[in-house]
Amino acid sequence: MTGPVVPFREIVLKVHSRCDLACDHCYIYEAPDQSWRTRPKAISDEAISWTARRLAEHAEKHVLPSVSVILHGGEPLLAGPARLRRVCEELTAALDGVAELDLRIHTNGLQLSPRYLDLFDEFNVRVGISLDGDKAANDRHRRFADGRTSHPLVLRAVELLQSERYRHLFLGLLCTIDVANDPVAVHDALIALDPPRIDYLLPHATWDAPPARPGGSPTEYAEWILKVFDRWEEQGRPVPVRLFESVLSTLNGGPSLTESLGLAPTDLVVVETDGTLEQVDSLKSAYDGAAATGFDVFRHSFDEVAAHPGVRVRQLGLAGVGPECQGCPVVRSCGGGLYTHRYRSANETAGRDAFDGPSVYCEDLEALVRGIETRTAARLVPATLTDPGELLAAEHELTRTLLARLHADLASTPTATASAPRCCRAWGSPRPTSGADTWARPGGCSRPLCRATRPPRPPR
Ligand code: SF4
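A few points on the structure.

So, how was this worked out
Residues numbered from 1 in each chain as written. Predicted model: local features only at pLDDT ≥ 70, side-chain atom pairs only at ≥ 80, totals over all residues. Heavy atoms only, no water. Near = heavy atom within 4 Å. Helix = DSSP H or I, 4+ residues; strand = E, 2+ residues; numbered from the N terminus. Pairing = 2+ DSSP bridges. Axes fitted to C-alpha atoms, helices over the stretch in contact; angles between N-to-C directions. Phe/Tyr/Trp six-rings, centres within 6.5 Å; stacked < 30°, edge-to-face > 60°. Buried < 20%, exposed > 50% of the residue type's maximum accessible area, 1.4 Å probe, protein only. Core = buried A, V, L, I, M, F, W, Y, C linked by side-chain atoms within 4.5 Å. Right-handed = clockwise from strand over helix to strand, strands pointing away. Arc of directions from axis to C-beta. Contact = heavy atoms within 4.5 Å.

**Topic: the site of the ligand**
Turning to step 1, where the next piece is worked out: Inspection of the region around the ligand gives Cys325, Cys328, Val330, Val331, Cys334, Gly336, Pro358, Ser359, Cys362 and Glu366 as its neighbouring residues.
Turning to step 2, where the next piece is worked out: Those elements that provide at least two residues to the shell around the ligand are α12 (331–334) and α14 (362–376).

Have a look at this one:
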């Protein structure tokens, strides 16, 4: 595969590999890949240190303005406050002066307490909570191993995040769709919790293990999601919903805002509790070993993983999707859906790549994009986003990345010194006053220009 390696900007760091719930739709414990059984429960000190070191060297090499680290599991809070503190301290120290660090945690919320939230406040770790809707919807899958409901405990966690002291840490709610649930009841229950954002996620499925369609319709998921869309519209779009914002953005020629739709290149890598480096987690739904790369943080750089064929194929945009998708009229919004959902083992016997086909949700995705397009076609472009800041931030980030790449290119050319001031001016950054030699160092300009490409630290 040709073209430059796309650096990773999002690291999913598995800090604990077990969970205190037994959700029957879990893509880790209920998936064909059972590698979690052989992994250490909690991430080791050594794996934390090497991850921080690899990430810092990757960010430095690619002049990344910022990187996101998502603390994940299993259930990440089971790692305990001391281990999570160590993770935050090591990452913060390693990235200091190199790139902005955006720390997040995705949790079921059961263990969330002021003790954790004070720690997250200290390191500005923002918290996303998994909740599938109202009690009936959440109880359908998100239960303890003995069948007890988790709903009241999740609500207690959300209540803590809604308090004035911790509200700034509330990232949003993640809801896995089940078409057996009432879409309006689910959406209204989530909206009632006043989250800063809602993510609706399609349940992981492949052509080998297709999604449930209790009503028998080939577009059952699109119909469900469009009912939520209509409700969201009726309510005046009270909070950003990533799925809708992404489709609206791409329909207007903008970027995709989620990995599960659109043609944006993947820039995500997973670090498991034993330090092994894997591709996106959802691939565990495809087959045993689907996410493996053979690399680990102790012996390999992130660049080596970024050059892995399984990663590269998800960075090729339109060229990376199969012929059916390439000829599809909604491909710019859909992008073939989530890579994992394209898996079809029979493709291999037909001489094709197992992921070289449309999504198992193909009809849903086309109906969803067309449904949103039809509903919003009459409106003017500037009115389409509830959260224009989201699109603005994406465009801002793209500009920073392009400037960072420009900087890297300039640094490797003989004209580096002469070009650097113009690069800084383009960003609106004043010329550094630390001396003329700041831009005259071998290899081009250094710290001041790199800093010019970084976003300001978000307010605590
Ligand atoms: S709607 Fe179907 S064919 Fe079109 S891009 Fe999406 S998955 Fe591919």
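Back to the write-up after that little detour.
**Quick look at the sheet that holds strand β4 (residues 125–130)**
Turning to step 1, where the next piece is worked out: Here we have nine strands laid out as an open sheet, ordered β6-β5-β4-β3-β2-β1-β7-β8-β9, and mixed in their pairing. The sheet terminates laterally at β6 (198–201) and β9 (292–296), the two strands that pair on one side only. Taking the axes of each pair of neighbouring strands and ignoring which way they run, one obtains an average angle of 25° across the sheet.
Turning to step 2, where the next piece is worked out: Of the pairings in the sheet, the one linking strand β2 (residues 66–72) to strand β3 (residues 100–107) comprises six bridges and is parallel in character.

**Quick look at the packing of aromatic side chains**
Turning to step 1, where the next piece is worked out: Per the counting criterion, the structure on display carries nine aromatic pairs.
Turning to step 2, where the next piece is worked out: Judged by centre distance (6.3 Å) and plane angle (75°), the ring pair of tyrosine 200 and tryptophan 224 falls under edge-to-face. With tyrosine 200 in strand β6 and tryptophan 224 in helix α7 (residues 220–234), this residue pair connects regions lying 24 residues apart in the sequence.
Turning to step 3, where the next piece is worked out: With relative accessibility at 5%, the residue tryptophan 224 sits in the buried group.
Turning to step 4, where the next piece is worked out: Look at tyrosine 343 and phenylalanine 355: their rings are 5.2 Å apart centre to centre, the planes differ by 45°, and that puts the pair in the tilted class. Here the residue tyrosine 343 occupies a position in the loop between α12 and α13 (346–349), and phenylalanine 355 occupies one in the loop between α13 and α14, the gap between them amounting to 12 residues. Phenylalanine 355 matches tyrosine 343 in its accessibility class, with the two residues each being buried.
Turning to step 5, where the next piece is worked out: Through a chain of ring-to-ring contacts, the aromatic side chains of Phe229, Trp232 and Phe244 assemble into a single cluster.

**Looking at the nonpolar core**
Turning to step 1, where the next piece is worked out: Leu84, Phe120 and Tyr200 are the most contacted members of the largest nonpolar core, which totals 93 residues.
Turning to step 2, where the next piece is worked out: If one sorts the elements of this core by residue count, α7 sits on top with eight residues.
Turning to step 3, where the next piece is worked out: Counting residues in each nonpolar core, the second largest holds 13 residues, with Ala286, Ala290, Ala354 and Phe355 among its members.

**Focus on the pairing of strand β5 (residues 170–176)**
Turning to step 1, where the next piece is worked out: With seven of seven residues buried, β5 lies mostly within the body of the structure.
Turning to step 2, where the next piece is worked out: One ladder, built from four bridges, connects β4 with β5; its direction is parallel. Across the sheet, serine 130 pairs through a bridge with leucine 174, a residue of β5.
Turning to step 3, where the next piece is worked out: You can see the chain leave β5, run along helix α6 (residues 183–191) and come back into β6, and the turn it takes is right-handed.

**Examining helix α3 (residues 114–123)**
Turning to step 1, where the next piece is worked out: Regarding α3, the residues found buried are Tyr116, Leu117, Leu119, Phe120 and Phe123. For α3, the angular spread of buried residues about the axis comes to 155°, placing them on one side.
Turning to step 2, where the next piece is worked out: Packing partners of the buried residues in α3 comprise α2 (80–95), β3, β4 and α5 (151–162).
Turning to step 3, where the next piece is worked out: Just downstream of α3, asparagine 124 is the residue with a positive phi angle, here 55°.

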